[in-house]
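Listed here are the chains, written in short residue letters.
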Amino acid sequence: MYYKLSDLTIDGKGSYGIAASAVEYDPNKYTYLRITDINDDGTINFDGLKSVDDENAGKYLLKENDIVFARTGASTGRTYFYQKKDGDFVFAGFLIKYSLDPNKVNPRFLKYYTHSKTYYDWVHSFDSGATRGNINAKTFGDMLVDLPERYVQDKIVSILSDLDDKIAVNKKICENLEAQAQALFKHWFVDFAPFKDGNFCANREQNETCFNSAEVQPKITGKACKFVESELGLIPERWRVERLGEMPITVTDYVANGSFASLKENVKLYEEVNYAYFIRNTDLKSQNFSVFVDEHSYKFLSKSKLEGGEIIISNVGDVGSVHLCPYLDKPMTLGNNIIMVKPYNDFYRNFLYILFRWNYGQKLIQSIKGGSAQPKFNKTDFKSLKIIVPEESVLKKFDEIVSPMFNYVGKNNQESSRLATLRDTLLPKLMSGQIKVNEIEKSL
């Protein structure tokens, strides 16, 4: 049966968020939830969260069984179903909140419904040409939702939640491993600790005896390194300061393939499976890859083809979002508003990835950011950035230690991507009744 969204709520209406400015994140203030903090798959992007400092902020706190909808711009229709484990959120003015009544609907069913093709088709019905239409609270409230019987809702939620839970566990493991790699990076390349106390030998021939490759810390102590002056301060001898454009790397982006006119003419995007993945920043955040290009488009984008393992950095909008490109089951090409950094030598990859994802590299990226309406930076400015580059033997040893961590992260992300694809494939079939819930239960 069909029900209006407003009929499934506690108060029968939607509420607009607080119209307040974001301030720098402060754990003593409420966390501000904006459209940009919500990924396309409905998860939260915890990088770059802001706070809100307003005397009325407490009136806009999300509560159990609340769902918010983006009402304007390119993100119109994007949703987030509140989960207490994500923390306390005050929702912003470009979001509309509905408080779902658990006696009328399984609230999590609505979460999944808003990621179905039926829902997206409804949202896109308000588009006007190339412009995404705005949707107000009354229109969202009048949206018709096809609800199966309650026990079917509960079964669908149970099946899909199990997949989401496994994806969440994988994400937590990956975050832990990356945090360990970050800590080691800081110990070596920010604090220079092993090179000051002799835990890494200055003598190249001695380096191999100074490390047990199975452990982060060496077993044998050598002679402390000599430090020399550089334009970026004291650094170990035989290290160097270098511009990124001088390093053995390739830096490219989507627009390297041609003019905007030729790109528009030759590149077509698809939301159904096609020849190659079109990799965007939002896909890398969610590990859910759902935009494709045909073979002609892929060949036209020859300067930004991806093989897997490249460092991808957002250079427009969400400036400084950094990812390692996954290894997927189809050809891949770089999306717009991101750049790709591909080292010629593998032992540079993890060093540069950690550098730009955390620490000094993030400050460097922010230092070249411009644009008043939309933050951005260009490739030329990026290639002019100077970094401290360790000697090759140090880079190789560092890579030897952290590579197994990132290989495990890659496998976990691949599994999460497969699970997300399975979830999104099951969703419309379960909701339409094409697949019965008891058939799924028997196969699991």
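Residues numbered from 1 in each chain as written. Predicted model: local features only at pLDDT ≥ 70, side-chain atom pairs only at ≥ 80, totals over all residues. Heavy atoms only, no water.

Enquirer: Hey, could you run me through the overall build of the chain in this one?
Expert: Along its length, the chain carries 13 helices and 23 strands. Taking 2.2 N^0.38 as the reference for a compact globule, 444 residues should give roughly 22 Å; the C-alpha atoms of the chain span a radius of gyration of 24 Å, in line with that estimate. Referenced to the eigenvectors of the C-alpha coordinate spread, the extents of the chain come out at roughly 75 × 50 × 50 Å. Of the roughly 22,000 Å² of accessible surface on the chain, a fraction of 49% belongs to carbon and sulfur atoms. Across the chain, the centroid of the 57 positively charged side chains sits 1 Å from that of the 58 negatively charged ones. (Helix = DSSP H or I, 4+ residues; strand = E, 2+ residues; numbered from the N terminus. Rg over C-alpha atoms; globule rule 2.2 N^0.38 Å. Areas by Shrake-Rupley, 256 points an atom, 1.4 Å probe, with all protein chains shown as cover. Lys, Arg positive; Asp, Glu negative; His and termini not counted. Charge placed at Lys NZ, Arg CZ, Asp CG, Glu CD.)

Enquirer: Help me out: how do you make sense of unusual backbone geometry in this one?
Expert: Outside of glycine, negative phi angles account for most residues, and trans bonds account for most peptide bonds. Of note in the backbone geometry, R238 takes a positive phi value of approximately 80° without being a glycine. Within the element layout of this structure, R238 appears in the loop between β12 (235-236) and β13 (240-243). Of note, the phi angle at N337 is positive, near 70°, even though the residue is not glycine.

Enquirer: Help me out: how do you make sense of the packing of aromatic side chains in this one?
Expert: For any pair of aromatic rings, the description consists of the separation of the ring centres together with the inter-plane angle of the planes. Tallying each qualifying case throughout the model produces 32 aromatic pairs. Ring centres of F185 and F189 lie 5.1 Å apart, and the angle between their planes is 65°; on these two criteria the pair is classed as edge-to-face. Of this pair, F185 and F189 both sit in helix α4 (residues 150-190), four residues apart, which is roughly one turn of that helix. Judged on exposure class, the residue F185 and its partner F189 are both buried. (Phe/Tyr/Trp six-rings, centres within 6.5 Å; stacked < 30°, edge-to-face > 60°. Buried < 20%, exposed > 50% of the residue type's maximum accessible area, 1.4 Å probe, protein only.)

Enquirer: In this structure, what is going on with the nonpolar core? I would like to understand it.
Expert: In globular proteins that are soluble, nonpolar side chains generally tend to be buried together. Counting 47 residues, the largest nonpolar core has I313, L352, F356, F382 and I387 as its most contacted members. Among the elements of the structure, α4, β14 (249-253), β19 (311-314), β22 (338-343), α9 (349-357), α10 (359-367), β23 (386-389) and α12 (392-432) are those that each provide at least two residues to this core. Top contributing element to this core by residue count: α12, with eight residues. The residues contacting F382, other than those within four sequence positions of it, are L244, V251, I313, I339, V341, F356, I368 and F377. Residues L110, F140, M143 and I435 belong to the second largest nonpolar core, which totals 36 residues. (Core = buried A, V, L, I, M, F, W, Y, C linked by side-chain atoms within 4.5 Å. Contact = heavy atoms within 4.5 Å.)

Enquirer: Explain the sheet that holds strand β2 (residues 15-16) to me, please; I cannot follow it from the model alone.
Expert: Strand order in the open sheet made by the four strands is β2-β9-β6-β7, with antiparallel pairing throughout. A strand with exactly one partner marks an edge of an open sheet, and here the two such strands are β2 and β7 (79-81). Where strand β6 (residues 66-70) and β7 come together, three bridges link them in antiparallel fashion. Its bridge partner lying in β7, V68 is registered against Y80. (Pairing = 2+ DSSP bridges.)

Enquirer: Please explain the environment of F126 as it appears in this structure.
Expert: Tracing the chain through its elements places F126 in the loop between α2 (117-124) and α3 (137-142). For F126, the contacting residues outside a window of four places in its chain are G133, I135 and T139.

Enquirer: Whenever I open this one, α4 confuses me. Can you help?
Expert: In an α-helix there are 3.6 residues to a turn, and that puts residues three or four apart on one side. Between the first and last C-alpha of α4 there are 56 Å, a value that for 41 residues agrees with the 60 Å anticipated at 1.5 Å per step. Positioned one or two residues after α4, F192 has a phi angle of 60°, which is positive. (Expected span 1.5 Å × (residues − 1).)

Enquirer: Help me understand the sheet that holds strand β20 (residues 322-324), please; the structure alone is not making it clear to me.
Expert: What holds strands together in a sheet is hydrogen bonding between their backbones, with the strands either parallel or antiparallel. The sheet built from four strands is open, its strands ordered β14-β22-β19-β20 with antiparallel pairing. Both edges of this open sheet fall to β14 and β20, since each of them pairs with a single strand only. Strand after strand, the sheet turns through a mean of 20° between neighbouring axes, direction not considered. As paired elements, β19 and β22 share four bridges and run antiparallel to each other. Note on β22: the bridge partner recorded for I311 is V341. (Axes fitted to C-alpha atoms, helices over the stretch in contact; angles between N-to-C directions.)

Enquirer: Looking at this model, I keep getting lost on the side chain of T333. Mind explaining?
Expert: Within the secondary structure, T333 sits in strand β21 (residues 332-334). Take T333: its relative accessible area is 0%, and that puts it in the buried class. Only 3.4 Å separates the side chain of T333 from the backbone oxygen of S304, close enough to count as a polar contact. The contact partners of T333, leaving out residues within four places of it in the chain, are Y277, F278, I279, V293, Y298, L301, S304, K305 and L306. (Polar contact = N/O pair within 3.5 Å; in protein donor to acceptor, adjacent residues only side chain to side chain.)

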